[in-house]
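# Coordinate inspection notes
Here are the chains, one letter per residue:
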Amino acid sequence: MHIRKYFTALWENWLTLMSGIASIILAFVVALFFPVADVSTNRLLLSSATVACFIISSYRVWANEHKKSLALENRIAELIAEHKEQNKPVLQIVEKQLETSLLNQKLTT
């Protein structure tokens, strides 16, 4: 199911962001500017970082898939142009190339 793949990719990106630079910056900001801040301020800052990382992760997942989609569209356009020059039945050739490409993509993921 596609939703499972989406959430898996989102989780991996979000986890990377939260365990990477975002957490370091947040810890630095809290320690430097709010050393004696109350718990609610710290919760607000952590929640803000969580939401920001979630939004960025969601965009990154979309951008990766969009990049793959554009590459596939470009490949289809190339195949159509190539086979029009050779006067071959374009639709059958493109369908065959698409099947091969999608099969290879499924095998690599």
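The present account deals with the structure reproduced in this document. (Residues numbered from 1 in each chain as written. Predicted model: local features only at pLDDT ≥ 70, side-chain atom pairs only at ≥ 80, totals over all residues. Heavy atoms only, no water.)

### Here we look at the overall build of the chain
Stated precisely, the cut-off is as follows: Helix numbering and strand numbering both begin at the N terminus, where a helix is a DSSP run of H or I of at least 4 residues and a strand a DSSP run of E of at least 2. Burial classes: relative accessible area under 20% of the type maximum marks a residue as buried, over 50% as exposed, and values in between as partly exposed (1.4 Å probe, protein chains only). Here, two residues are considered to be in contact whenever any of their heavy atoms come within 4.5 Å of each other. Areas reported as accessible are Shrake-Rupley estimates using a 1.4 Å probe. Residue values count occlusion only from the protein chains shown.
Broken down by element type, the chain carries 4 helices and 0 strands. Taking all 109 residues of the chain together, the buried fraction comes to 16%. Of all intrachain contacts in the chain linking residues separated by at least 6 positions in sequence, the fraction that spans at least 24 positions is 58%. Entry remark: accessible area of the chain is about 8,700 Å², with carbon and sulfur atoms responsible for 66%.

### Things to note about the environment of Ile25
With respect to the helices and strands, the residue Ile25 is situated in helix 2 (residues 21-33). Among the residues examined, Ile25 registers a relative accessible area of 47% and is labelled partly exposed. For the pair Ile25 and Ala49, spaced 24 residues apart in the sequence, the C-alpha separation amounts to 9.6 Å.

### Quick look at the packing of aromatic side chains
To keep it simple, the criterion reads: Two rings from Phe, Tyr or Trp (for Trp, the six-membered ring) form a pair when their centres are within 6.5 Å of each other. A pair whose planes differ by under 30 degrees is stacked, one over 60 is edge-to-face, and the rest are tilted.
Inspection of every chain in the model, using the stated rule, returns 2 aromatic pairs. Note on Tyr6 and Phe7: the rings are 5.2 Å apart at their centroids and 65 degrees apart in plane angle, and the pair reads as edge-to-face. Ring geometry for Tyr59 and Trp62: centres 5.8 Å apart, planes at 40 degrees, overall tilted. Of the two residues, Tyr59 and Trp62 both sit in helix 3 (residues 39-85), 3 residues apart, roughly one turn of that helix.

### Concerning the pattern of salt bridges
Heads up, the condition is: The salt bridge definition used is simple: a Lys or Arg side-chain nitrogen within 4 Å of an Asp or Glu carboxyl oxygen.
Using the criterion set out here, one finds 2 salt bridges in the structure. Residues Lys68 and Glu65 are paired through a salt bridge, measuring 3.6 Å at the closest nitrogen-oxygen approach. Of the two residues, Lys68 and Glu65 are both situated in helix 3; the distance of 3 residues between them amounts to about one turn of the helix. Since its relative accessible area comes to 41%, Lys68 is described here as partly exposed. Residue Glu65 is classed as partly exposed on the basis of its relative accessible area, which comes to 46%. Across the pair Arg75 and Glu78 runs a salt bridge, and its minimum N-O distance is 3.5 Å. Of the two residues, Arg75 and Glu78 are both situated in helix 3; the distance of 3 residues between them amounts to about one turn of the helix. You can call Arg75 partly exposed: its relative accessible area is 38%.

### A few points about a nonpolar patch on the surface
We count it as follows: Only residues whose relative accessible area exceeds 30% and that take part in no salt bridge are eligible for patches, with like-charged residues grouped when within 9 Å of each other and nonpolar side chains (Val, Leu, Ile, Met, Phe, Trp, Tyr) grouped when within 5 Å.
Residues Phe28, Leu32, Phe33 and Phe34 make up a contiguous nonpolar surface patch of about 430 Å² in total accessible area. Secondary-structure assignment places Phe34 in the loop between helix 2 and helix 3. Taking the relative accessible area as the measure of exposure, Phe34 reaches 31% and is therefore partly exposed.

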